[in-house]
Amino acid sequence: MKAHSKNMTKQEESGIYGLMAEFDDPSAVVAAARRTYEAGYRRINAYSPYPIEELSAAIGYHKDLVSMTVFAFGILGALGGFALQYWTSAIDYPLNVGGRPLLSLPSFIPIIFECTVLLASFGAFIGMLAMNRLPQPYHPVFNLPSFSRASHDRFFLCVKADDPNYSEVETRAFLQGLGAKEVSDVES
Amino acid sequence: MDNNYAAPADLGRIQGVALGVGLLGLIAWVIGVVVSGNARNVFFQTYLVAYVFWIGIALGCLGWLMVQYLGGAGWGVVIRRILESGSHTLILMAVLFVPIVVGLGNIYEWTHKDSITDERVRELLEHKSAWLNPAFFSGRAVIYFAIWLGLMLILRRRSHKLDETGDPNLIQSAQDWSGPGFLIYGLTCTFAAVDWVMSLDAEWFSTIFGLLMIAGQGVLSMAFIISITVILSRREPMSHVYQPKHFHDLGKLLPALVMVWAYFSFSQLLIIWSGNLPEEIPWFIERFKGVWRYLGLAIILLHFALPFLLLLSRDLKRNARRLVLVAWLVIIMRFVDLIWIIVPEFEHGHQKHLSEYLIYIAATIGMGGIWLGWFFWQLRSKSLLPYRDPQMAEALAAGGHH
């Protein structure tokens, strides 16, 4: 995890990863996330069975770099596709096809295109995994038994214990005030 | 929902500017034609380029109108009145087709096949004369316009009735017409592209040509629609309607169509270049010479590569001010591409003086004044949004993205 070692100690000392608030309505979790962010909490995360774009914005998550890895890998694929064809058909095994020049760009383009798409999708896959820090065999949120419903019909908002504003009592009261069905400790 | 989406009075001023610039274009066109010393040929040939350009926007708007009914997306609701006004200009384009019929002999080689010296070409044109003859050519054009105008009027009547009654069944009815309508649209546009543009070189054929022209008019009209939405978004009442999410949607359709156009364009080149057959390749050989070679490279870079790379950016698509610059680039490059497709056919290997190409620009601006005058007249005559559409609330909702 990226958190500072000082904060890690704080989490480890208490044995608590954070507080998890449970909601049964998507608009409730969005509203709660917005107010939690406004209250100054930054080490927060939200979980929902399906993507809710407002929810990402509400927890202050605006941009990811996956598009950049896709673009970089795409460029790599284009250059690689060109290099592969140039080397095979113009250097290693030059072949005269209908008197055309060995470097015949029109015939290279479909393969360049395919390699661009292939590598760009690798870029998306690898970039997504890397930025989500996956695969992750252990994550504390699964210590909460009710969390399995996050992929089913419940919406969760988590305030992590390493947030500077985190306080066992006040944060719990704050989250309960947001209309959560239940607020539970998450063991780390 | 209430109707407070009347067109701003300011649009009248923009219409006046368009008409004024168009008038200057017409004057320059007339001067250019007279000075050229070959008035009849130059007039009709420049006329064809201008005509193909402007009918591209009109037909593109008709196509998008059917697509947005079929898709039922929020972005369709906010541009529907622009599409209706754009496709209404087909009435004007039907009238403006008359000079092409008058000037057939000055435009198309197949009209005077008897005077062609090359035996082989004459034989070929003789063989094709069952299809390519002035009477049938004009008759087909009448059929195309009857179908396009019919589709346009059917969809338009439903939309205007919706403003009066608010009956959501009208949307369903428009959707029912749009499905088969779009199929017929694809076929008629293909035939029209073959008749009006591909037959300029009656010895040559390319099976993808119709789709290529349809993709071209799709990208041209989308760039035009974006320009109009940006003009409207700076004025009441649409300044409260258009949001970044709307520009984002239109901004995604633009690179999609740029890619479709590039895909068709490249497919045509790759297949003909690979085959290298004597009846197909001369069309490209002609266009790989002299100034056409550089124009072709400019088309690859500025019609495909640059817009494609710029439009990858999410921030650019959501920023109306920057998006419209890309849209203008695309509009200009559509014109350049049409020049590259059409004009070499009028030269027969003898490249003209560069100044003669200015007449094509003057002709397109001149016809554009009349076209835009008609378009803005239509746009001003109705509410700028179909305010009783059941999807209005969804289309205007703030924030989220569908």
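Colleague: Residue-level account of the overall build of chain A, with values.
Modeller: The secondary structure content of chain A amounts to six helices and four strands. Listing every helix and strand of chain A by position from the N terminus yields α-β-α-β-α-α-α-β-α-β. In terms of overall dimensions, chain A is more spread out than a globule: its C-alpha atoms have a radius of gyration of 25 Å, far above the 16 Å expected for 188 residues. Dimensions along the principal axes, computed over C-alpha positions, put chain A at roughly 80 × 35 × 30 Å.

Colleague: Describe the pattern of salt bridges, and please don't skip the residues or the numbers.
Modeller: Applying the stated criterion across every chain yields a total of 17 salt bridges over all chains. One salt bridge connects R314(B) with E53(A), and the closest N-O pair in it is separated by 3.9 Å. Placement of the pair is R314(B) in helix α14 (residues 314-318) and E53(A) in helix α3 (residues 53-58), with the two residues belonging to separate chains. With relative accessibility at 42%, the residue R314(B) sits in the partly exposed group. Two residues, R81(B) and E84(B), come together in a salt bridge whose shortest N-O distance is 2.8 Å. Here E84(B) and R81(B) lie together in helix α3 (residues 74-88), a separation of three residues that amounts to about one turn. Taken individually, R81(B) and E84(B) each receive the classification buried, so the pair is uniform in this respect. Within this structure, E168(A), R172(A) and D185(A) form a network of salt bridges that share partners.

Colleague: If you had to explain the interface of chain B and chain A to someone new, which residues and values would you point to?
Modeller: A common way to report how large an interface is uses the accessible area buried once the components associate. On the chain A side, the residues contacting the twelve residues of chain B number ten residues. In total, chain B and chain A occlude about 850 Å² of area from one another, counting both sides; carbon and sulfur atoms represent 65% of this. Connecting chain B to chain A are one salt bridge. Elements represented by at least two residues in the side of chain B that touches chain A include exactly α11 (244-275) and α14 of chain B. At five residues, the largest contribution of residues to the side of chain B that touches chain A is made by α11(B). A breakdown of the residues in the side of chain B that touches chain A according to their chemical character gives five nonpolar, five polar and two charged.

Colleague: Can you tell me about the sheet that holds strand β2 (residues 44-47) of chain A, naming the residues and giving the values?
Modeller: All names here are of chain A. One open sheet holds the four strands; their spatial order is β2-β3-β1-β4, and the pairing between them is antiparallel. Edge strands, defined here as strands with exactly one partner in the open sheet, are β2 and β4 (182-187). Each strand axis lies, on average, 25 degrees off the axis of its neighbour in the sheet, ignoring direction. Where strand β1 (residues 16-23) and strand β3 (residues 155-160) come together, six bridges link them in antiparallel fashion. Across the sheet, residue A21 finds its bridge partner in β3, namely L157. Those strands touched by helix α2 (residues 26-38) are β1, β2 and β3, and its axis lies near 15 degrees from that of β3.

Colleague: Report on the environment of L125(B), specifying residues and quantitative values.
Modeller: Residues and elements named next belong to chain B. One can find L125 in helix α7 (residues 119-128). Spatially, the C-alpha atom of L125 lies 6.2 Å from that of W110, the residues being 15 residues apart in sequence. In this structure L125 touches E109, W110, K113, I116 and A202, once residues within four positions along its chain are discounted.

Colleague: Explain the packing of helix α10 (residues 209-233) of chain B against helix α16 (residues 354-380) of chain B residue by residue, including any values.
Modeller: Residue and element names in this part refer to chain B. Remark: α10 packs on α16, axes separated minimally by 14 Å, with the N-to-C direction vectors making an angle of 55 degrees. By the angle between their axes, α10 is oblique relative to α16. Regarding α10 and α16, the two cross each other, and that crossing is right-handed. For the pair α10 and α16, contact is made by F224, I228 and L232 and by W371, L372, F375, F376 and L379, respectively. For the contact of α10 with α16, the residue count by class is eight nonpolar, no polar and no charged.

Colleague: Any chance you could break down unusual backbone geometry for me, citing the residues and the numbers?
Modeller: In this structure, the amide linkage connecting L134(A) to the following residue, P135(A), adopts the cis form with an omega of 0 degrees. Its place among the elements puts P135(A) in the loop between α5 (105-131) and β3. For the bond running from E236(B) to P237(B), omega is -5 degrees, close enough to zero to count as cis. Considering the arrangement of structural elements, one finds P237(B) in the loop between α10 and α11.

Colleague: Describe the nonpolar core, listing the residues and the values that go with them.
Modeller: The biggest cluster of nonpolar side chains holds 143 residues, and the ones touching the most others in it are Y51(B), M93(B), Y108(B), W148(B), W196(B) and W371(B). In terms of residue count, the dominant contributor to this core is helix α2 (residues 39-71) of chain B (20 residues). Excluding anything up to four places from it in sequence, W371(B) contacts W54(B), I57(B), A58(B), G86(B), T89(B), L92(B), M93(B) and F224(B). Listed in part, the 24 residues of the second largest apolar core include A33(A), A46(A), L55(A) and V183(A).

Colleague: So what's going on with the packing of helix α9 (residues 169-196) of chain B against α10(B)? Residues and values would help.
Modeller: Residue and element names in this part refer to chain B. One way to put it is that α9 packs onto α10 with a least axis distance of 8 Å and a crossing angle of 105 degrees. Taken together, the axes of α9 and α10 are roughly perpendicular relative to one another. Contacts between α9 and α10 involve Y185, G186, C189, T190 and A193 from the first element and F209, G210, M213, I214 and Q217 from the second. Residue composition of the contact of α9 with α10, grouped by class: six nonpolar, four polar and no charged.

Colleague: If you had to explain the domain arrangement of chain A to someone new, which residues and values would you point to?
Modeller: Domain assignment breaks chain A into domain 1 (14-63 + 138-187) and domain 2 (66-131). In this structure, domain 1 of chain A and domain 2 of chain A have C-alpha centres spaced 44 Å apart.

Colleague: An account of the confidence of the model for chain A is requested, with residue identities and associated values reported.
Modeller: Per-residue pLDDT for chain A has a mean of 89; in total, 93% of the residues score no lower than 70. Ignoring residues within four places in sequence, the model shows residues 1-5 of chain A, a span with pLDDT below 50, making four contacts including any to other chains.

Colleague: Describe the packing of aromatic side chains, naming the residues involved and giving the relevant values.
Modeller: Two aromatic rings, taken as a pair, are described by how far apart their centres are and by the angle between their planes. Under the counting rule described, the total for this entry stands at 46 aromatic pairs over all chains. Here the aromatic rings of Y51(B) and W196(B) are separated by 6.0 Å at their centres, their planes lie at 70 degrees, and the arrangement is edge-to-face. Taken as a pair, Y51(B) in helix α2 and W196(B) in helix α9 lie far apart in primary sequence, 145 residues in all. For Y51(B), a relative accessible area of 0% gives the class buried. Ring geometry for F224(B) versus F375(B): centroids 5.0 Å apart, planes at 75 degrees, classification edge-to-face. Highlighted residues: F224(B) in helix α10 and F375(B) in helix α16, separated in sequence by 151 residues. If you follow R42(A) out to its NZ or CZ, it ends over the ring of Y37(A), 3.7 Å from the centre. The residue whose ring lies beneath R140(B) is F136(B), and the NZ or CZ to ring-centre distance is 4.4 Å.

The rules behind each value
- Here, residues in each chain are numbered from 1, in the same order as that chain's written sequence.
- Labels follow written order: the first chain is A, the first ligand is 1, and so on.
- Restriction of local features to residues with pLDDT of at least 70 applies here, the model being predicted, together with a cutoff of 80 or more for giving and counting side-chain atom pairs; totals for whole chains, interfaces and linings are based on all residues.
- Remark: hydrogens and water are excluded; side-chain values derive from all non-hydrogen atoms of the structure.
- Elements are defined by DSSP. Helices are runs of H or I of four residues or more, strands are runs of E of two residues or more, and each kind is numbered from the N terminus.
- Note that the radius of gyration is over C-alpha atoms, with the globule rule given as 2.2 Å times the number of residues to the power 0.38.
- Criterion for a salt bridge: a side-chain nitrogen of Lys or Arg within 4 Å of a carboxyl oxygen of Asp or Glu.
- Whether a residue is buried, partly exposed or exposed follows from its accessible area with a 1.4 Å probe, protein chains only, as a fraction of its type maximum: under 20%, in between, or over 50%, in that order.
- Any two residues whose heavy atoms approach within 4.5 Å are treated as being in contact.
- Simply put, the buried area is the total loss of 1.4 Å probe accessible area from both parts when two parts are fitted together.
- Here the nonpolar group is Ala, Val, Leu, Ile, Met, Phe, Trp, Tyr, Cys and Pro; Asp, Glu, Lys and Arg are the charged ones; every other residue, Gly included, is treated as polar.
- A pair of strands is considered paired only if DSSP assigns at least 2 bridges between the two.
- Think of each axis as a best-fit line through the C-alpha atoms, taken over the contacting stretch in the case of a helix, with angles from 0 to 180 degrees between the N-to-C directions.
- Angles are sorted into four bins: roughly parallel if under 35 degrees, roughly antiparallel if over 145, roughly perpendicular if 65 to 115, and oblique for all others.
- Helix crossings are classified by the rotation of the near helix relative to the far one: an anticlockwise turn of less than a right angle makes the crossing left-handed, while a clockwise turn makes it right-handed.
- Only buried residues count toward a nonpolar core. Its members are Ala, Val, Leu, Ile, Met, Phe, Trp, Tyr and Cys residues joined through side-chain atoms within 4.5 Å.
- All domain edges in this entry derive from an automatic or database-based domain assignment.
- Every residue gets a pLDDT, meaning the predictor's confidence in that residue, from 0 to 100.
- Any two of the Phe, Tyr and Trp rings considered here, Trp counted by its six-membered ring, make a pair once their centres fall within 6.5 Å; the pair's planes then place it as stacked at under 30 degrees, edge-to-face at over 60, or tilted in between.
- Two conditions define a charge sitting above a ring: the NZ of Lys or the CZ of Arg must be within 6 Å of the ring centre, and it must be within 35 degrees of the ring normal.

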